[in-house]
Amino acid sequence: MITVDEILAEVEKRMGALDERAKQAVTLALQLAEQHGLPKWQGENPTWDEWLQMSEEERQAVMDELEQRNRVWLEWMRRTLQAEWLLVVDGKIVRYGASWNEYPSDDALEALIQQLGKVPLLFAADPLIEETAWSPTRYPDDFYPTPSVTFQGLAGQRITLVADFDTGSRHTFADADLLQRQGVIHLLPTTLWAVGWHLNRPFRYTPKSLIVILTAADGTQKTASQTILCVRNWQQSPFVAVNPNRTALVGRSLCLAMQVKITLDFAQQVTSVQG
């Protein structure tokens, strides 16, 4: 559970050691925020036993209501901690991270839920995605660059997709249901879903740590362990609004992790990857 002392430690980690007066100022700022601007947490998270008795729709409705009632509190805490995501139980932050690569594994998340006896709310920064325009889109004479990308699960199952490449997106997104059918990911009762927005429409996604492989023009491959944001009900999501055939969207973080050179030939509509 995060405390004032832990927030002070996080501030010192990012700004250097604070003297006693500075520590008092941070503590007072937190108290004033709660007294004058930051509403108190409302509601309780479901217990694990309650969660198991709910349908998926009921689970999501409970979490949606909890997020809506506490959105100001959640966003204030996320910004204070400069976090990409938070896991919150009854108004206490039980885990947080500056990037999705710090998100707990399936096993670690299950152990945390068993320890707490309650299911955390997953709240995250909105993943900004820009639809920049070799896949044909809905628009005349418009195409998306399309690298071939392989997603591999921890147990070795894999699927190769022709993905749209968009430097306007920091993250890589993929069809959660497709990856599940291929055994690349497992959607367990402990799987938590965050809500994002794209093209003014909501979508639900969960982070999964996968091995991602890009194949270069000469056949060599670049591999990286990367957290992929897996989108539920992909075919009804805003990700297919521009390209109905899209199954994945590759963003900047994957290419930065692999340190690859990607060349876009707009005349021939060819995407080449170099290691």
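Before going into details, it helps to say that this report is about the structure given with it. (Residues numbered from 1 in each chain as written. Predicted model: local features only at pLDDT ≥ 70, side-chain atom pairs only at ≥ 80, totals over all residues. Heavy atoms only, no water.)

**Regarding the overall build of the protein chain**
(1) Moving on: Looking only at helices and strands, the protein chain features eight helices and 15 strands.
(2) Moving on: Looking at the 275 residues of the protein chain, the share that counts as buried comes to 48%.
(3) Moving on: In the form shown here, the protein chain has an accessible surface area of approximately 14,100 Å², with 49% of it arising from carbon and sulfur atoms. (Helix = DSSP H or I, 4+ residues; strand = E, 2+ residues; numbered from the N terminus. Buried < 20%, exposed > 50% of the residue type's maximum accessible area, 1.4 Å probe, protein only. Areas by Shrake-Rupley, 256 points an atom, 1.4 Å probe, with all protein chains shown as cover.)

**Here we look at the environment of L74**
(1) Moving on: Counting through the fold element by element, L74 comes out in helix α5 (residues 71-81).
(2) Moving on: Judged by relative accessible area, L74 falls into the buried class, the value being 0%.
(3) Moving on: Every residue in contact with L74, bar those within four places of it in the chain, is listed here: W41, E67, L86, V88, L121 and F123. (Contact = heavy atoms within 4.5 Å.)

**Let's talk about the layout of surface pockets**
The probe, sized like a water molecule, is rolled over the atoms to show the empty space still left.
(1) Moving on: If you add up the space inside the largest pocket, you get close to 390 Å³.
(2) Moving on: Along the walls of the largest pocket sit 22 residues, with S105, D106, L154, K208 and S209 positioned nearest its centre.
(3) Moving on: When contributions to the lining of the largest pocket are tallied by element, the ones reaching two or more residues are α6 (106-116), β11 (201-215) and β12 (221-231).
(4) Moving on: At four residues, β11 tops the list of elements feeding residues into the lining of the largest pocket.
(5) Moving on: Partitioned by chemical class, the residues of the lining of the largest pocket number nine nonpolar, 10 polar and three charged. (1 Å grid on protein atoms, 1.4 Å probe; cavity = no way out; pocket = protein on both sides within 12 Å on 5 of 7 lines; lining within 4 Å. Points joined across faces, edges and corners; volume = space filled by probe spheres on them. Nonpolar A, V, L, I, M, F, W, Y, C, P; charged D, E, K, R; others polar.)

**Digging into the packing of aromatic side chains**
(1) Moving on: Within this structure, the stated rule accounts for 10 aromatic pairs.
(2) Moving on: Relative to W100, the ring of W85 lies with its centre 6.3 Å away and its plane at 15°, an arrangement referred to as stacked. One end of the pair, W85, is in strand β1 (residues 85-89); the other, W100, is in the loop between β2 (92-97) and α6, and 15 residues separate them in sequence.
(3) Moving on: Its relative accessible area of 1% is what places W85 among the buried residues.
(4) Moving on: According to the relative accessible area criterion, W100 is buried, its value standing at 4%.
(5) Moving on: For the ring pair F203 and Y205, a centre distance of 5.6 Å and an interplane angle of 40° mean the geometry is tilted.
(6) Moving on: Accessibility expressed as a relative area gives 3% for F203, which makes it buried. (Phe/Tyr/Trp six-rings, centres within 6.5 Å; stacked < 30°, edge-to-face > 60°.)

**Overview of the sheet that holds β1**
(1) Moving on: Taken together, the three strands give an open sheet; going across it, the order is β2-β1-β3, and neighbouring strands pair in antiparallel fashion. What marks the edges here is a single partner per strand, and that holds for β2 and β3 (121-124). Sheet twist, expressed as the average angle between the axes of neighbouring strands with direction ignored, equals 25°.
(2) Moving on: As paired strands, β1 and β3 are joined by four bridges and run antiparallel to one another. Following the sheet pairing, L87 is matched in β3 by L122. (Pairing = 2+ DSSP bridges. Axes fitted to C-alpha atoms, helices over the stretch in contact; angles between N-to-C directions.)

**Focus on α5**
(1) Moving on: Among the residues of α5, W73, L74, M77, R78 and L81 are the ones counted as buried. Take α5 and look down its axis: the buried residues cluster within an arc of 125°, on one side only. Of the residues in α5, the exposed ones pointing more than 90 degrees away from the buried face are V72 and R79.
(2) Moving on: One or two residues past the end of α5 sits Q82, with phi positive at roughly 50°. (Arc of directions from axis to C-beta.)

**Quick word on the side chain of D175**
(1) Moving on: Positionally, D175 belongs in strand β9 (residues 173-175).
(2) Moving on: Buried charge without a salt bridge: D175, with R181 as the nearest opposite-charge side chain at an N-O distance of 5.0 Å.
(3) Moving on: A distance of 3.0 Å separates the side chain of D175 from the backbone nitrogen of D177, its partner in a polar contact.
(4) Moving on: Excluding residues within four positions of it along the chain, D175 makes contact with V231, W234, Q235 and T247. (Lys, Arg positive; Asp, Glu negative; His and termini not counted. Salt bridge = Lys/Arg side-chain N within 4 Å of Asp/Glu carboxyl O. Polar contact = N/O pair within 3.5 Å; in protein donor to acceptor, adjacent residues only side chain to side chain.)

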